[in-house]
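Structural description and commentary
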Amino acid sequence: SLYLNLLICLIVTLIVLALLNRVIKRYQGQIQTQATLDSLTELPNRRGFDLLAAQAMQEAQREPRPLTALLLDLDHFKALNDTYGHLAGDQVLIGFARDLESCLRHSDIVCRWGGEEFIVLLKDTDGDGGQVIAEKIRQHVERQPYAYNGHRLQLTVSIGLTTLQPDDTLHSLLSRADHAMYRAKQSGRNRICVELPQPAYEKA
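What you see is a predicted model, and the numbers here were worked out from it, not measured in a lab.

Looking only at helices and strands, one finds 7 helices and 7 strands in the chain. For the chain, the α and β elements follow one another from N to C terminus as α-α-β-α-α-β-β-α-β-β-β-α-β-α. In terms of overall size, the chain is more extended than a compact globule, its C-alpha atoms giving a radius of gyration of 23 Å where 204 residues would be expected to give roughly 17 Å. With the C-alpha coordinates of the chain rotated into their principal frame, the extents come out at 85 × 55 × 25 Å. Burial analysis of the chain (204 residues in total) assigns 39% to the buried set. Pairs at least 24 apart in sequence give 65% of the contacts found in the chain among residues at least 6 apart. Roughly 12200 Å² of accessible area belongs to the chain as shown, and the carbon and sulfur atoms make up 55% of that amount. Taken as two groups, the 22 positive and 24 negative side-chain charges of the chain have centres that lie 5 Å from each other.

Looking now at the side chain of T36. Note on placement: T36 falls in helix 1 (residues 2-36). Excluding anything up to four places from it in sequence, T36 contacts L43, P44, N45, R47, G48 and L51.

So, about the nonpolar core. If you look at the biggest cluster of nonpolar residues, it comprises 29 residues, and the most contacted ones within it are L70, L72, F96, L100 and I137. Counting residues per element, this core draws most heavily on helix 4 (residues 86-102), at 6 residues. Apart from residues no more than four positions distant in its own chain, L70 is found in contact with F118, I119, V120, L122, G130, A134, I137, I159, G160 and L161. Listed in part, the 19 residues of the second largest apolar core include A69, I119, L121 and L164.

Further remarks concern the packing of helix 3 (residues 77-84) against helix 4. Here helix 3 crosses helix 4 at 135°, and the two axes come no closer than 6 Å. The orientation of helix 3 with respect to helix 4, classified from their angle, is oblique. Packed against helix 3, whose contacting residues are F77, L80, N81 and Y84, the element helix 4 presents H86, A88, G89, V92 and L93 at the interface.

Looking now at the pairing of strand 4 (residues 145-148). Side chains Y146 and Y148 of strand 4 all project onto a buried face; the interleaved residues P145 and A147 project onto a face where none is buried. Pairing analysis gives 4 bridges linking strand 4 to strand 5 (residues 151-154), with the strands arranged antiparallel. In the strand pairing of strand 5, P145 is matched with Q154. Counting the residues that bridge the hairpin from strand 4 to strand 5 gives 2 residues, and of these N149 lies at a positive phi of roughly 50°.

Calculation rules
Residues numbered from 1 in each chain as written. Predicted model: local features only at pLDDT ≥ 70, side-chain atom pairs only at ≥ 80, totals over all residues. Heavy atoms only, no water. Helix = DSSP H or I, 4+ residues; strand = E, 2+ residues; numbered from the N terminus. Rg over C-alpha atoms; globule rule 2.2 N^0.38 Å. Buried < 20%, exposed > 50% of the residue type's maximum accessible area, 1.4 Å probe, protein only. Contact = heavy atoms within 4.5 Å. Areas by Shrake-Rupley, 256 points an atom, 1.4 Å probe, with all protein chains shown as cover. Lys, Arg positive; Asp, Glu negative; His and termini not counted. Charge placed at Lys NZ, Arg CZ, Asp CG, Glu CD. Core = buried A, V, L, I, M, F, W, Y, C linked by side-chain atoms within 4.5 Å. Axes fitted to C-alpha atoms, helices over the stretch in contact; angles between N-to-C directions. Parallel < 35°, antiparallel > 145°, perpendicular 65-115°, else oblique. Pairing = 2+ DSSP bridges.

And the structure:
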């Protein structure tokens, strides 16, 4: 009887430990997911993007295969926030994130970089193909009204584009995209600018 009771206690203990381990793993998974997702748009955040981008760049440089980066910034977003409030801004960001996803393939990587900036990596896409997709996004946003409390909010987006080079790091790739996006802003907004690396002989 004593040994039977000990055996039953052991089995119950093992079952409890197994269930506890499962709960802990699930909780850790939820924490990891929350750490890599933007809570507002449910897109990957910077941390999540870094993980996805590193893998995409390794695959593209190993093959090699083309990879195009887009950096997108919503135009006059601060004025929208100041006029209609931050809740309107949040609603616009959520809507823009869904519209952005609708213009892309499942294999593409999209994240909220911060504020009103978003980053897209277009896999197996060269510069010409990237410009076609960027223009599709630009036109879609320009034509898409975003509703908030009875208001129809019209937006535009400025886009910087660059393509992956054999010696690129993630920093150099995004730096070129960022420079291109700022040129799009400075030259009138609601447009696409392309930033390509200088040939080696121009750097010498």
